[in-house]
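Okay, here's what each chain looks like letter by letter:
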Amino acid sequence: MTSGDALTLHHDDHGEDGYKVRLLLAFLEIPHRRQQLDIYPGQDHRSDAFMALNPLGSRPVLVGDDFVLRDSHAILQYLAAGHDSAGLWSPRTPALEMARIAMWLGFARELTTAVSAARRHDTLLETSLDAGAARADAHRLLRVLDEHLWFAEQEDQAWLCAQDHPTIADIACFAPTILCEEGGVSRLTYPAIRRWLDRFKRLPRFTAMAGVFGA
Amino acid sequence: MRLEELAPRHVAQSELLGQEIALWRADDGGVNAWENRCPHRGVRLSIGQNTGLDLRCRYHGWRFASGDGRCTHIPADPSRLPPAVLRANTYHVAVQEGFVWVALNGPDVPPTSLAGGRPWLTLRSMPVEAGMEHVRATLIEAMNAIPQDDFVLIAEVEQDRTNAHLTLMLQPMSGARTLIHAALAPIPADRLSILRHYAARLARVRDTAEAA
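Here the structure is a predicted model, which is why all the values come from computation and not from measurement.

## Some points on the overall build of chain B
Now for step 1: For chain B, the count of helices and strands is 2 helices and 15 strands.
Now for step 2: For chain B, the spread of C-alpha atoms along the three principal axes comes to 65 × 35 × 30 Å.
Now for step 3: For chain B, buried positions account for 49% of its 212 residues.
Now for step 4: For chain B, contacts bridging at least 24 residues in sequence account for 46% of all contacts bridging at least 6.
Now for step 5: A gap of 8 Å separates the mean positions of the 22 positive and 23 negative side-chain charges of chain B.

## Here we look at unusual backbone geometry
Now for step 1: The amide bond that connects Thr93(A) to the next residue, Pro94(A), takes the cis arrangement and shows omega of -5°.
Now for step 2: Structurally, Pro94(A) is set in the loop between helix H3 (72-83) and helix H4 (95-123).
Now for step 3: With an omega dihedral of 0°, the bond running from Ala185(B) to Pro186(B) counts as a cis peptide bond.
Now for step 4: Note that Pro186(B) resides in the loop between strand E15 (177-185) and helix H2 (191-211).
Now for step 5: The backbone of Leu17(B) sits at a positive phi, close to 50°, despite the residue not being glycine.
Now for step 6: Mapping Leu17(B) onto the fold places it in the loop between strand E1 (11-16) and strand E2 (19-25).
Now for step 7: A positive phi is found at Asn144(B), a non-glycine position, where the angle reads about 50°.

## Focus on the sheet that holds strand E5 (residues 54-56) of chain B
Residues and elements named next belong to chain B.
Now for step 1: In space, the 4 strands of this open sheet follow the order E4-E5-E6-E7, with antiparallel pairing throughout. Looking at which strands have only one partner, the edges of the open sheet turn out to be strand E4 (49-50) and strand E7 (71-73).
Now for step 2: Direction of pairing for E4 relative to E5: antiparallel, over a ladder of 2 bridges. Bridge assignment links asparagine 50 to a residue of E5, and that residue is leucine 55.

## Details of the interface of chain A and chain B
Now for step 1: Opposite the 18 residues of chain A that make contact, chain B presents 30 residues.
Now for step 2: Its largest share of buried area at the contact with chain B, chain A owes to Arg143(A), Leu188(A) and Arg194(A), together 30% of the area lost on that side.
Now for step 3: The interface formed by chain A and chain B includes 4 salt bridges.
Now for step 4: Here chain A is connected to chain B by 11 residue pairs in polar contact (both at pLDDT 80 or more).
Now for step 5: At the level of secondary structure, the elements contributing two or more residues to the side of chain A that touches chain B comprise helix H5 (131-154) and helix H7 (191-201) of chain A.
Now for step 6: At 6 residues, H5(A) tops the list of elements feeding residues into the side of chain A that touches chain B.
Now for step 7: Its residues assigned to classes, the side of chain A that touches chain B shows 6 nonpolar, 3 polar and 9 charged.

## Concerning the pairing of strand E14 (residues 162-174) of chain B
Residue and element names in this part refer to chain B.
Now for step 1: As paired strands, strand E13 (residues 152-159) and E14 are joined by 8 bridges and run antiparallel to one another. Residue glutamate 156 lies in a different strand from E14, and its bridge partner there is histidine 165.
Now for step 2: Between the end of E13 and the start of E14, which pair antiparallel, lie 2 residues, with aspartate 160 showing a positive phi angle near 50°.
Now for step 3: Bridge count between E14 and E15: 9 bridges; the pairing is antiparallel. Residue pairing for E15: proline 172 is matched across the bridge by threonine 178.
Now for step 4: What sits between E14 and E15 in their antiparallel hairpin is a turn of 2 residues.

Calculation rules
Residues numbered from 1 in each chain as written. Chains lettered and ligands numbered in written order. Predicted model: local features only at pLDDT ≥ 70, side-chain atom pairs only at ≥ 80, totals over all residues. Heavy atoms only, no water. Helix = DSSP H or I, 4+ residues; strand = E, 2+ residues; numbered from the N terminus. Buried < 20%, exposed > 50% of the residue type's maximum accessible area, 1.4 Å probe, protein only. Contact = heavy atoms within 4.5 Å. Lys, Arg positive; Asp, Glu negative; His and termini not counted. Charge placed at Lys NZ, Arg CZ, Asp CG, Glu CD. Pairing = 2+ DSSP bridges. Buried area = accessible area lost by both parts, 1.4 Å probe. Salt bridge = Lys/Arg side-chain N within 4 Å of Asp/Glu carboxyl O. Polar contact = N/O pair within 3.5 Å; in protein donor to acceptor, adjacent residues only side chain to side chain. Nonpolar A, V, L, I, M, F, W, Y, C, P; charged D, E, K, R; others polar.

Such coordinate-based values are descriptive only and should not be taken to indicate function.
In structure tokens, the structure reads:
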């Protein structure tokens, strides 16, 4: 266990990736500090202090006593491995399930990239982004997600991977999916996704963020 | 929409002829299809809360009763029963053979039994970003489907070495979006692989219709 670590999360309150980590920190009730970055107009992520932590400038970053970790999915894996004694959020066996979680984390990365571009275009007015291409890409991915979740329901599975508990893959897909309509990506044609979002929001210790409502 | 997709305490969202609809099932089983718009400030009711008895709007917490859609509670004025004219715009709704039928204007009844009384397996509905006429033409071409009327087609398919009927029902969501509902009779032995087979087949129909 790494529970003796003093953890600090450097994040902004707008991005999908920071939300993923805040969700897991809450689900697992992990004590931590938060350092909020002012991205707009502050540009804190371009400051010398933050670039020293993460030369990529991306958020969030998790800082422990003797480590610095960037990439929300890496942080999810670290927290699930060290702070989840029941091993439910990122089970390592069976091997195929572990691989499927990795597969959906990869999917979530693509979805987050697309949704993030569409949202930043629409809400932060980053007009140089190609919002049309980003929305088309998001829909291409959401179609796959809806079909997967529809068939999961047919086999009485509530979550992305064949577990009776959600995993970090659900968290990683939830954040961009619940925020996609802010980028003009409608969930109208994804009924199985809408039901899965409701199930996720009803988990104990679920936390909302700006633009996200409870179930 | 398929009835079983109206999960408990969930508010589903659909569209018919360009009109967005909020669909939800009360705990007593009553099915509601309402204009997806709160009469107070126009917020989508589909982001509201299904309490099991009523639908609570996300914006100001107004509550609308299952059935007649009458507003039963306004948090800003909790001591008074809201006037009877305050209500969600409800549509006529009927449940038949596992599907929820909605009529925007007047109490149109659903067609008499499409399955001819036989049990059928409802398949995964397939949204297509194309108008209904175009989707209909694509189904005729790609699946040898025979139109029964403007909205319903039937295709003969081979199933377990016998003939089976695939009933295809078109929901015009808008002028540019169509939902294909499908049901198969008789019910096949290997349910899951048949569901996957037709999901893939209808996805090909979708891709063809969207490419043209």
